[in-house]
Amino acid sequence: MKASLKACDVVIFGGGGDLAMRKLLPALYHLDMDGLLAPTTRIIGASRREVATEEYQTKIRAALDEFVPSSIGDDKTWQRFKQRLSYVSVDAQQESDFARLNEHQVGGDDRDVVFYLATSPDLFGSICSSLASHGLNADRMRVVLEKPLGRDLASSRAINDEVMKNFNEQQAFRIDHYLGKETVQNLLAIRFGNTLFEPLWDSAHIDNVQITVSETVGVEGRWGYYDNAGAMRDMVQNHLIQLLCLVAMEPPGRMDADSVRDEKIKVLKALRPIAGANAYTKTVRGQYAKGMIKGKDVKGYFDEEGSNPNSRTETFVALRADIDNWRWAGVPFYLRTGKRLGQRYSEIVIQYKAVPHSIFSDESNRQLQRNQLVIRLQPEEKISLTVMNKVPGASEGMNLQPVDLNLSLTEAFNDKRSPEAYERLLLDVMRNDATLFMRYDEVEAAWKWVDGIMSAWNQTSERPKEYASGSWGPAASMALPIKDGRNWHDY
């Protein structure tokens, strides 16, 4: 990443909150440490509390000590970063408070401004309206909108309409941090930077695609929030669908924001609707029960603080998606995500078709496996390709076994620290590069598809299927690909 040379003001609404302390400020610190911030770039925390700048700086220092171990002892970077930090008390629901941003000279000297809305989406409209009323919506000013953008298509449209009254589409950056991960961006490099893969990236060669985002944690004290969201809204509508788009999109004409997003929206519009009775053959939803993870007993969903035993909110979703176009006709995309599963990881698996005819011995035929491309997003970032290889030796016959060709980003680039997703995305906002951000027609198309599934779920009294914590979800989710003569990658 090259330096963002133009100075700007980064204003974080919700500047004292969990997201700011865990992700945003550590990301900005790393950018500063790597020399990617202009010398006069400022970082301004904004929230309702009355806090002195010195107290705010002290809180950030403690957060960096916890979340950025490399910051400990690096006094030079901290002193430089500290000089960038200030704080302004702004109640997002009091328009008069926004005058304090002008008093703080936000955007002065024609500086670009990034307003990061790390708040409840319910406040997005009022914040944008108040910014505009104080002249803080010029073309050089941008707003970053954190998910979730609504809980369905109607509420998403309402939020967007409020934002668009005061900022135009080019100024709105809808963030999905998964798109900032190095391996997600490498997916584009693999597909469109190598002649090896793109000619084989279609239904003639690929049998199925699997996308898994597995979590070992539960709701972590946020039962009230999570119960109003669930796995479909919290993970599928944004993270998993965005990954699906990057796997399935056509090659863009250029590597710029609108060219990439134009191709992604074509995928979303080609998604076959899942509604009515199809929702029960193409989807599985579950709720975690008590169980054991890494040798420790863990609570069930209804044992969490603040829980409601009548809740039908899903903590697990598995589904089969189909894309009705020439490239992907007949290729199932299996998506799966859940909490309290047996292992924490996120990956994309491209399962190639078998060779049309094997010329090897019966023993080798029994061991013959299909080629697989596995793109691991977390916890480690790596790419592996499974190929068949002759077992070394002079024994009679040709004995084969699968071998993984691995690209570990850590090992391949051992002199470079792999940046966190928010580092890439914050720098892109400062550069006014929207390639890795969602355009509103993408958000709307994703909600339209998800709403059809959730509407079908809501028309039945059937509860989500229970699964034991530490397992891989309900038994029915294992059967989802089996019905098609396939298996999940890890089985």
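Here the structure is a predicted model, which is why all the values come from computation and not from measurement. (Residues numbered from 1 in each chain as written. Predicted model: local features only at pLDDT ≥ 70, side-chain atom pairs only at ≥ 80, totals over all residues. Heavy atoms only, no water.)

K.L.:
What should I look at first to understand the nonpolar core in this one?
P.N.:
Generally speaking, soluble globular proteins have nonpolar side chains that are buried together. Membership of the largest hydrophobic core comes to 144 residues, with the highest contact counts inside it found for Phe13, Leu25, Leu101, Phe115 and Phe333. It is helix 9 (residues 230-248) that provides the largest number of residues to this core, a total of 12 residues. The residues contacting Phe115, other than those within four sequence positions of it, are Val11, Phe13, Leu101, Val106, Leu131, Leu136, Met141, Arg142, Val143 and Val144. (Core = buried A, V, L, I, M, F, W, Y, C linked by side-chain atoms within 4.5 Å. Buried < 20%, exposed > 50% of the residue type's maximum accessible area, 1.4 Å probe, protein only. Helix = DSSP H or I, 4+ residues; strand = E, 2+ residues; numbered from the N terminus. Contact = heavy atoms within 4.5 Å.)

K.L.:
Even after reading the chapter, I still don't get the pairing of strand 11 (residues 316-322), so can you show me in this structure?
P.N.:
Each regular strand carries side chains that alternate between the two faces of the sheet. In terms of burial, strand 11 is a largely internal element, seven of the seven residues being buried. Where strand 8 (residues 283-289) lies against strand 11, four bridges are found, and the strand directions are antiparallel. Considered in strand 11, the bridge of Thr283 is made with Leu319. Pairing between strand 11 and strand 12 (residues 332-338): seven bridges, direction antiparallel. Each residue of the ladder has a partner; that of Ala318, found in strand 12, is Arg336. (Pairing = 2+ DSSP bridges.)

K.L.:
For this particular structure, what's the right way to read the pairing of strand 12?
P.N.:
Burial of strand 12 is extensive: seven of the seven residues sit out of reach of the surface. Of the two faces of strand 12, the one holding Pro332, Tyr334, Arg336 and Gly338 and the one holding Phe333, Leu335 and Thr337 are both buried throughout. Looking at chain direction, strand 7 (residues 206-214) and strand 12 are connected through six bridges and run parallel. Its bridge partner lying in strand 12, Ile211 is registered against Leu335.

K.L.:
Help me understand the sheet that holds strand 2 (residues 42-47) in this model?
P.N.:
Reading across from one edge, 3-2-1-4-5-6 is the order of the six strands in this open sheet, with parallel pairing throughout. In this open sheet, the two edge strands, each paired with only one partner strand, are strand 3 (85-89) and strand 6 (172-174). The mean inter-strand angle of the sheet, taken between neighbouring strand axes irrespective of direction, is 20°. Pairing of strand 1 (residues 8-13) with strand 4 (residues 112-117) involves six bridges; the strand directions are parallel. Across the sheet, the residue bridging to Val10 is Val114, located in strand 4. Packed on one face of the sheet, helix 1 (residues 18-33) meets strand 1, strand 2, strand 3 and strand 4 and runs near 170° to strand 1. (Axes fitted to C-alpha atoms, helices over the stretch in contact; angles between N-to-C directions.)

K.L.:
Can you help me understand the packing of helix 1 against helix 2 (residues 53-67) in this one?
P.N.:
Helix-helix packing is characterised by the crossing angle of the two axes and by the distance between the axes. Where helix 1 contacts helix 2, the two axes come as close as 10 Å, and the packing angle between them is 90°. The orientation of helix 1 relative to helix 2 falls into the category roughly perpendicular. Between helix 1 and helix 2, the residues in contact are Met21, Arg22, Leu25, Pro26 and Tyr29 and Tyr56, Lys59, Ile60, Ala63, Leu64 and Phe67, respectively. (Parallel < 35°, antiparallel > 145°, perpendicular 65-115°, else oblique.)

K.L.:
Looking at this model, I keep getting lost on the packing of aromatic side chains. Mind explaining?
P.N.:
Geometry of an aromatic ring pair is reported as the spacing of the ring centres plus the angle between the planes. Tallied over the full model, the rule gives 14 aromatic pairs. An aromatic cluster is present here, built from Trp223, Tyr226, Tyr288, Tyr301 and Phe302 joined pairwise through their rings. Looking at Arg336, its charged tip hangs above the ring of Trp488, at a distance of 4.1 Å from the centre. (Phe/Tyr/Trp six-rings, centres within 6.5 Å; stacked < 30°, edge-to-face > 60°. Lys NZ or Arg CZ within 6 Å of the ring centre and 35° of its normal.)

K.L.:
Got a minute to help me understand the UniProt feature "active site" (unreviewed entry) in the protein in this structure?
P.N.:
In this numbering, the UniProt entry assigns the feature "active site" (unreviewed entry) to His239. Following the sequence through the fold, His239 ends up in helix 9. The exposure class of His239 is buried, given its relative accessible area of 2%. Once residues lying within four places of it in the same chain are set aside, the contact partners of His239 are Lys147, Asp176, His177, Tyr178 and Asp234. (UniProt positions renumbered as here; feature names shortened; annotations may be inferred.)

K.L.:
Got a minute to help me understand the sheet that holds strand 14 (residues 372-378) in this structure?
P.N.:
Within a sheet, each strand pairs with its neighbour through backbone hydrogen bonds, oriented either parallel or antiparallel. One open sheet holds the nine strands; their spatial order is 16-15-14-13-7-12-11-8-17, and the pairing between them is mixed. Edge positions in the sheet fall to strand 16 (400-408) and strand 17 (465-468), since each of these pairs with one other strand and no more. In this sheet, neighbouring strand axes are inclined to one another by 20° on average, regardless of whether the strands run parallel or antiparallel. As paired strands, strand 15 (residues 382-390) and strand 16 are joined by nine bridges and run antiparallel to one another. Directly across from Val387, in strand 16, lies its bridge partner Val403. Across the sheet, helix 15 (residues 440-458) lies against strand 8 and strand 11, angled at about 125° from strand 11, the strand it touches most.

K.L.:
Honestly, the side chain of Asp234 in this entry has me stumped. Any pointers?
P.N.:
Among the secondary structure elements, Asp234 is positioned in helix 9. Judged by relative accessible area, Asp234 falls into the buried class, the value being 9%. Separated by 3.1 Å, the side chains of Asp234 and Lys147 make a polar contact. Ignoring anything within four residues of it in the chain, the contact list for Asp234 reads Lys147, Tyr225, Tyr226, Ala229 and His239. (Polar contact = N/O pair within 3.5 Å; in protein donor to acceptor, adjacent residues only side chain to side chain.)

K.L.:
Would you explain helix 2 in this entry?
P.N.:
One turn of the α-helix equals 3.6 residues, which is why residues spaced by three or four share an orientation. The first and last C-alpha atoms of helix 2 sit 21 Å apart over 15 residues, in line with the 21 Å expected at 1.5 Å per residue. Buried residues of helix 2: Tyr56, Gln57, Ile60, Arg61, Ala63 and Leu64, and no others. In an axial view of helix 2, the angular spread of the buried residues amounts to 165°, which keeps them on one side of the axis. Away from the buried face of helix 2 by more than 90 degrees, exposed residues Glu54, Thr58 and Glu66 are located. Where the residues of helix 2 are buried, they touch helix 1, strand 2, helix 3 (75-84) and strand 3. (Expected span 1.5 Å × (residues − 1). Arc of directions from axis to C-beta.)

K.L.:
Can you walk me through the pattern of salt bridges in this structure?
P.N.:
Proximity of charged atoms lets side chains of opposite charge pair with each other. Enumeration over the complete set of coordinates arrives at 39 salt bridges. The salt bridge involving Asp110 is made with Arg140; its shortest N-O contact spans 3.9 Å. Highlighted residues: Asp110 in the loop between helix 4 (99-103) and strand 4 and Arg140 in the loop between helix 5 (124-133) and strand 5 (141-145), separated in sequence by 30 residues. Under the relative-accessibility criterion, Asp110 is labelled exposed at 56%. A salt bridge links Glu462 to Lys465; the nearest nitrogen and oxygen atoms lie 3.5 Å apart. The class of Glu462 is partly exposed, set by a relative accessible area of 35%. The class of Lys465 is partly exposed, set by a relative accessible area of 36%. Bridged by salt links that share partners, the residues Arg272, Lys282, Arg320, Asp322, Asp324 and Asp484 form one connected network. (Salt bridge = Lys/Arg side-chain N within 4 Å of Asp/Glu carboxyl O.)

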